[in-house]
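For reference, the chains in residue letters:
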Amino acid sequence: MDAYGAPVIGEHGKWLGIVIVMHEVTELVKLEQVRKDFVANVSHELKTPVTSIKGFSETLLYGAYKNEETLLSFLEIIHKESNRLQMLINDLLDLSKVEQVGYEVDLQKVNLLDVVARSKEMTSHIVEEKNMRLEIISEEPVFVLGDLNRLIQITMNLLMNALTYSPEDKTVTITISQTKKCGVIRIQDEGIGIAKEEINRVFERFYRVDRARSRNSGGTGLGLAIVKHLVEAHHGLLEVDSEVGKGTVFTVSIPLVKR
Ligand code: ADP
């Protein structure tokens, strides 16, 4: 806290009092640090794939292309790293959009069964690859006030995480239900779980419990930060509960359409 004081003198030198100006600097300093950390993180995340693309393409140009096997494996790396760069840029652009003050989603009547069905379709190849099961428990249509594509994005992000952070052969269960005011999507996995002391940090930009694992599976570390903002834009609630070695449950509640 910064504070400055000055006496207030009236006519004929009469002493009227003191004006004290106080600045709350701790919050400003904290915000500035968050901004600096974010820029440092973005730079680091962009630098890694760019360095790799540059290195492998230069080696090819200097003659390695003559060996067909080397050519193919280096091209594969360059392709993978360019994909990574593209995902990172897309997520950064999306995050900056949804983080803006006053960002609004296009609210319409949406059936949560459609949201989950689309997400299931789009992840079926991963479920198959990892020999996992995806169970959907729902009794009846649940109509919420939401943006269909953004709700699919939220569900896809949480579902992809559930699949990524689970060993092979496990089951992910999605339950659709409703409370008095909200439609609820609950995504439960039997994966590695998140420790209590890290559980609130996973919504921070670029925070990963296991950086190497996230990178290997193509994660940008921005998914949950985007999900959190999107749920807020729906005036909804995002909750998480987890136990290391047992699994994780993410619950999204979105206001129902008023009849
Ligand atoms: P990432 O691209 O790294 O998956 P996210 O923002 O989606 O980024 O998630 C942040 C971190 O939270 C992940 O790196 C992972 O450590 C942890 N996490 C997210 N979902 C799960 C889950 N279902 N089980 C275990 N850990 C998870």
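Residues numbered from 1 in each chain as written. Predicted model: local features only at pLDDT ≥ 70, side-chain atom pairs only at ≥ 80, totals over all residues. Heavy atoms only, no water.

Some details on the overall build of the protein
Then, in step 1: Helices and strands together make up the secondary structure of the protein, namely 6 helices and 9 strands.
Then, in step 2: Counting only C-alpha atoms, the protein reaches 95 × 65 × 35 Å along its principal axes.
Then, in step 3: Within the protein, the proportion of its 259 residues that are buried is 37%.
Then, in step 4: In the protein, 68% of the contacts between residues at least 6 apart in sequence involve partners at least 24 apart.
Then, in step 5: Between the centroid of the 31 positive side chains of the protein and the centroid of its 37 negative side chains there is a distance of 2 Å. (Helix = DSSP H or I, 4+ residues; strand = E, 2+ residues; numbered from the N terminus. Buried < 20%, exposed > 50% of the residue type's maximum accessible area, 1.4 Å probe, protein only. Contact = heavy atoms within 4.5 Å. Lys, Arg positive; Asp, Glu negative; His and termini not counted. Charge placed at Lys NZ, Arg CZ, Asp CG, Glu CD.)

Some details on the packing of aromatic side chains
Then, in step 1: For the structure shown, the criterion picks out 3 aromatic pairs.
Then, in step 2: Residues Phe 56 and Phe 74 carry aromatic rings whose centres are separated by 4.8 Å and whose planes lie at 80° to one another, so their mutual orientation is edge-to-face. One end of the pair, Phe 56, is in helix H1 (residues 25-61); the other, Phe 74, is in helix H2 (residues 68-99), with 18 residues separating them in the sequence.
Then, in step 3: Classification of Phe 56 by relative accessible area gives partly exposed; the value is 25%.
Then, in step 4: Using a relative accessible area of 17% as the deciding quantity, one classes Phe 74 as buried.
Then, in step 5: A cation sits over an aromatic face here: Lys 109 above Phe 143, 4.5 Å from the ring centre. (Phe/Tyr/Trp six-rings, centres within 6.5 Å; stacked < 30°, edge-to-face > 60°. Lys NZ or Arg CZ within 6 Å of the ring centre and 35° of its normal.)

Regarding helix H3 (residues 112-129)
Then, in step 1: With 18 residues, H3 ought to run about 26 Å at 1.5 Å a step, and its terminal C-alpha atoms sit 26 Å apart, in line with that.
Then, in step 2: Along H3, the sharpest kink reaches roughly 55°, centred on Thr 123.
Then, in step 3: Where H3 is concerned, the buried positions are Leu 112, Val 115, Val 116, Ser 119, Thr 123, Ile 126 and Val 127.
Then, in step 4: In this fold, the buried residues of H3 make contact with strand E3 (108-111), strand E4 (133-138), strand E5 (143-146), helix H4 (148-164), strand E6 (171-178) and strand E7 (182-188).
Then, in step 5: Of the residues that open H3, the one with a side-chain oxygen 3.0 Å from the backbone nitrogen of Leu 113 is Asn 111.
Then, in step 6: In the stretch just after H3, Asn 131 is the one whose phi turns positive, near 55°. (Expected span 1.5 Å × (residues − 1). Bend = angle between axes of the 7 residues up to and from the residue. Polar contact = N/O pair within 3.5 Å; in protein donor to acceptor, adjacent residues only side chain to side chain.)

Focus: a nonpolar patch on the surface
Then, in step 1: The grouping of Ile 9, Trp 15, Ile 18, Ile 20 and Met 22 at the surface amounts to a nonpolar patch, some 590 Å² of accessible area in total.
Then, in step 2: Of the residues forming the nonpolar patch, the biggest block, 4 residues, is contributed by strand E2 (residues 15-23). (Patch = residues over 30% accessible without salt bridge, like charges linked within 9 Å, V, L, I, M, F, W, Y side chains within 5 Å. Areas by Shrake-Rupley, 256 points an atom, 1.4 Å probe, with all protein chains shown as cover. Salt bridge = Lys/Arg side-chain N within 4 Å of Asp/Glu carboxyl O.)

Things to note about the environment of Gln 188
Then, in step 1: As for its position among the elements, Gln 188 is in strand E7.
Then, in step 2: Residue Gln 188 is classed as partly exposed on the basis of its relative accessible area of 31%.
Then, in step 3: In this structure the C-alpha to C-alpha distance between Gln 188 and Glu 135, which are 53 residues apart in sequence, comes to 9.9 Å.
Then, in step 4: Setting aside anything within four residues of it in sequence, one finds Gln 188 in contact with Thr 171, Val 172, Thr 173, Thr 248 and Val 249.

Topic: the site of the ligand
Then, in step 1: Lining the immediate surroundings of the ligand are 20 residues, of which Asn 161, Tyr 165, Ser 214, Gly 221 and Leu 224 lie closest.
Then, in step 2: Contact distances for the ligand include 3.3 Å between an oxygen atom and a backbone N or O atom of Gly 223.
Then, in step 3: Surface burial for the ligand is 96%, taken as the share of its 530 Å² of free accessible area covered by protein chains.
Then, in step 4: Put simply, the parts of the chain that give the shell around the ligand at least two residues each are H4, helix H6 (223-233) and strand E9 (247-255).
Then, in step 5: Of the residues in the shell around the ligand, the class split is 9 nonpolar, 8 polar and 3 charged. (Near = heavy atom within 4 Å. Nonpolar A, V, L, I, M, F, W, Y, C, P; charged D, E, K, R; others polar.)

Observations regarding unusual backbone geometry
Then, in step 1: Even without glycine at this site, Asp 169 takes up a positive phi of about 75°.
Then, in step 2: Relative to the helices and strands, Asp 169 resides in the loop between H4 and E6.
Then, in step 3: You will see that His 235, though not glycine, has its phi angle at about 60°, which is positive.
Then, in step 4: When you line up the elements, His 235 lands in the loop between H6 and strand E8 (237-243).

Some points on the nonpolar core
Then, in step 1: Ranked by internal contacts, the top residues of the largest apolar core, which has 49 residues, are Leu 112, Val 144, Leu 151, Ile 154, Leu 158, Val 172 and Leu 238.
Then, in step 2: Secondary-structure elements contributing two or more residues to this core are H2, H3, H4, E6, E7, H6 and E9.
Then, in step 3: The element contributing the most residues to this core is H4, with 8 residues.
Then, in step 4: Apart from residues lying up to four places away in sequence, Ile 154 is in contact with Val 227, Leu 230, Val 231, His 234 and Val 252. (Core = buried A, V, L, I, M, F, W, Y, C linked by side-chain atoms within 4.5 Å.)

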